[in-house]
Amino acid sequence: MSTGSKRLWQASPLTYGALILASLLSLFPFYFMFIVATRKLEVINAVPPPFSPGGDFGDNFGRVLDNEHAAFLYGLINSVIVSCAVTLSVVFFSALAGFAFAKLRFKGRNILLLAIVGTMMVPTQLAIIPLYGMMQDWGWGATLQAVIVPFMVTAFGVFMMRQYASSAISDELIEAARVDGCGTFRIFWSVVAPALRPAAGVLGLLTFMDTWNSFLWPYAILDSDTPTVQVSLALLSSAYYTDYAQVFAATAVATVPLLLVFVVFGRQIIGGIMEGAVKA
Amino acid sequence: MSLSAPPAPPQLVKPDTHRAPSSRRFRLSRWDIKYSPYIYVAPFFILFAVFGIYPVLQTARMALYDWNLIGDHTFTGLDNFTALMGDEYFWNAVKNTFGIFLLATVPQLLGALFLANLLNQNMRGRMFFRLMIVAPNVTSVAAVAIVFAVLFRRDFGLVNWVLGFFGVDAIDWKGQTWSSWTAIATMVDWRWTGYNTLILLAAMQAIPKDIYESASLDGAGKWRQFWSITMPQLRPTLIFVVTVSTIGGLQLFTEPVIFGDGRILGGAQREFQTIAMYMYEKGFNDLQFGYGSAIAWALFIMIILVSGVNYLLIRRSVK
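Owing to the predicted nature of the structure, the values given are computational and were not obtained by experimental measurement.

Draft legend 1. Geometry of the overall build of chain A. When its secondary structure is counted, chain A shows 14 helices and 0 strands. Traced from its N-terminal end to its C-terminal end, chain A shows the element sequence α-α-α-α-α-α-α-α-α-α-α-α-α-α. For a compact globule of 280 residues, the expected C-alpha radius of gyration is about 19 Å, and chain A comes in at 24 Å, more than 25% above that figure. Looking at chain A as a whole, 44% of its 280 residues are labelled buried. Residue pairs at least 24 apart in sequence account for 76% of intrachain contacts in chain A once pairs closer than 6 positions are excluded.

So, in structure tokens, the structure goes:
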């Protein structure tokens, strides 16, 4: 690059200032959440709020655990189960289908792929009322399979894996494995799956976060006997909204797993979002 | 173990057993090549048929019935839709949804364009800033809504406290239409501006730098370059971002529900009840499946129409 263009693309102090301000605005609600969660209830009415966290988190979270109406701990465990089950399943089935669409030849391949992309347009709301009735008929109301099974493979996942598989895996590699006498599934498992790992990781992260945060459907089909963590939060915030310290302690605990995932895998998540954008 | 080895087969059969496995393997591998792709893509289509197509068709059917959870289902043709057209609560929900959508989307896109433009430079800590900006997107909507509902309280709310420095009297955010829309739009923007920034940034980085270099040799300033080079190149991405925002924005549900303390009416006078909330109220609270299904279809049709209009507008205005 010439020096002129370098200067053209050099960030000014004003740029840094604006970005720091944006970062602070991003972080502030998290920070506020941890302050309230770790202090006595009275602090909620202090303006401005105290600057540092306090030592009352144990007390506040104790009240959450004693609260039978919200069943928060149960919700937390359920969310771990549901999010892990959905994530593993989505990654596996999406990789399998993505591999088939990218690397195997079969009749109707293009039409089926187009159909999958088309299904992404259909909003959840359009299916939710009959789905609710169906689940009740099957005796799946207020059960975890009601929030797992319908989401075990997604159009987004299949499409994403297909895009990655078509560029990351060479046809020669697959032909060579065929000549060695590998069956199709063996090829998938020993040759394709290892190569798909980076994309599978990103898909897994996005799916985990999506499932952990999912609200409308769990809110409709689950109840306070088998909540997910988001349903617990909603129950807690609607019935105990005067005890903000308790609600915020629960909110903080529900947020920490996501923040941990983000701190560890943030770069991959950002990479996933940005690469997806260029390909789309 | 080896004691129970099978007796050696008679001589005569041997050539057969020798050939059979290889031809079976051959048949097996032909079968494998021909049909296993279908098995691999089948899980998606089976799940989508059961939990996607079937319920969507059922929604279409229910919308034509007077269909309650308990009792008979009577075919009523388009009565549900006729009733919907004259339902003031429905139109109120439409007004709220579009109001919040516009109030959220316009600043969000401008903010994302601005931030992406800032990030598309040589700087220190670029990964740090990207992480900071997209962090709100990984939090749960319910958590965001709970925190913001407290920030937007009338008494002791932090937002009112800050506004107080500018001489603004305490606003009852939940109590009025405009104020509640603003509060909810703020939650949406806090969560989604960073995400859209990254998408626009990715598209900006794909634009070849030498276009800018020759433009700046020709004396085009930064502002001019932004309008004549960046914006046109971003067109497909803008269409993508606006479409995704439209689909998400018109389905808005969680933020207003939790902002209203978990109640589905969205404020005492339904100041911020969205279409999705009204569908929930009719379908799941009142158990009027037929009427709820009609609302679901109305919402879907609106999403398609608005996405189409957006597409045409952006295609025409950004050349």
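That was the structure; now back to the text.
Draft legend 2. Highlighting the overall build of chain B. Within chain B, the secondary structure is distributed over 13 helices and 2 strands. Since a compact globule built from 319 residues should have a radius of gyration of about 20 Å, the 29 Å found for chain B marks it as more spread out than a globular shape. Seen along its three principal axes, the alpha-carbon backbone of chain B occupies a region of about 105 × 75 × 45 Å. For chain B, the residues scored as buried account for 40% of the 319 residues in total. In chain B, the proportion of contacts linking residues at least 24 apart, taken out of those at least 6 apart, comes to 68%.

Draft legend 3. Summary view of the environment of P236(B). Relative to the elements of secondary structure, P236(B) occurs in helix α10 (residues 235-250). We classify P236(B) as exposed; it has 12 C-beta atoms within 10 Å.

Draft legend 4. Expanded view of the domain arrangement of chain B. Per the domain assignment, the segments making up chain B are domain 1 (2-62) and domain 2 (80-317). Computed over C-alpha atoms, the centres of domain 1 of chain B and domain 2 of chain B are 48 Å apart.

Draft legend 5. Here's a closer look at unusual backbone geometry. Residues and elements named next belong to chain B. Even without being glycine, R270 reaches a positive phi, approximately 55°. By the secondary structure assignment, R270 is in the loop between α11 (254-259) and α12 (275-285). For R270, a count of 20 C-beta atoms within 10 Å gives the class buried. A positive phi is found at L287, a non-glycine position, where the angle reads about 55°. By the secondary structure assignment, L287 is in the loop between α12 and α13 (289-317). A tally of 17 C-beta atoms within 10 Å means that L287 is categorised as partly exposed.

Draft legend 6. Main features of the interface of chain B and chain A. The interface of chain B with chain A comprises 80 residues on the first partner and 77 residues on the second. Grouping the amino acids of the side of chain B that touches chain A by side-chain chemistry returns 57 nonpolar, 18 polar and 5 charged.

Draft legend 7. Quick peek at the confidence of the model for chain A. Looking at chain A, pLDDT values average 88 and 95% of them are 70 or higher. Looking at the elements of chain A, mean pLDDT is at its lowest for helix α1 (residues 3-8) of chain A, recorded as 52, and at its highest for helix α7 (residues 145-148) of chain A, recorded as 96.

Draft legend 8. Local environment of the nonpolar core. With 166 residues, the main nonpolar core has A145(B), I295(B) and L299(B) as its most contacted residues. Top element by residues in this core is helix α7 (residues 177-205) of chain B. It accounts for 15 residues.

Draft legend 9. Fine view of the environment of E255(B). Residue and element names in this part refer to chain B. Residue placement: E255 occurs in helix α11. Each C-alpha atom, one on E255 and one on V141, is 6.7 Å from the other, the two residues being 114 residues apart in sequence. Those residues in contact with E255 that lie beyond four places of it in its chain are V141, A145, I184, M187 and V188.

Draft legend 10. Representation of the packing of helix α8 (residues 155-168) of chain A against helix α11 (residues 197-213) of chain A in the model. Residue and element names in this part refer to chain A. Relative orientation of the contacting elements α8 and α11 amounts to 160°, with a least axis distance of 10 Å. Taken together, the axes of α8 and α11 are roughly antiparallel relative to one another. For the pair α8 and α11, the sense of crossing is right-handed. Contacts from G157, M160, M161 and Y164 of α8 reach α11 at A199, L203 and T207. Looking at the contact of α8 with α11 residue by residue, the class counts come to 5 nonpolar, 2 polar and no charged.

Draft legend 11. Spatial organisation of the confidence of the model for chain B. Residue and element names in this part refer to chain B. The predicted model of chain B has a mean per-residue pLDDT of 87, with 92% of residues at 70 or higher. Per-element mean pLDDT across chain B ranges from 81 in helix α1 (residues 14-62) up to 95 in helix α3 (residues 88-119). Interface confidence for the predicted complex, expressed as ipTM, amounts to 0.85; the pTM equals 0.86.

Draft legend 12. Highlighting the environment of R267(A). In this structure, R267(A) sits in helix α14 (residues 244-279). Measuring from C-alpha to C-alpha, the distance between R267(A) and V202(A) comes to 10.0 Å, with 65 residues separating the pair along the chain.

Criteria and thresholds
Residues numbered from 1 in each chain as written. Chains lettered and ligands numbered in written order. Predicted model: local features only at pLDDT ≥ 70, side-chain atom pairs only at ≥ 80, totals over all residues. Helix = DSSP H or I, 4+ residues; strand = E, 2+ residues; numbered from the N terminus. Rg over C-alpha atoms; globule rule 2.2 N^0.38 Å. Buried ≥ 20, exposed ≤ 12 C-beta atoms within 10 Å, placed from the backbone. Contact = placed C-beta atoms within 7 Å. Domains from an automatic or database assignment. Nonpolar A, V, L, I, M, F, W, Y, C, P; charged D, E, K, R; others polar. pLDDT = per-residue confidence, 0-100. Core = buried A, V, L, I, M, F, W, Y, C linked by C-beta atoms within 7 Å. Axes fitted to C-alpha atoms, helices over the stretch in contact; angles between N-to-C directions. Parallel < 35°, antiparallel > 145°, perpendicular 65-115°, else oblique. Left-handed = near helix turned anticlockwise from the far one by under 90°.

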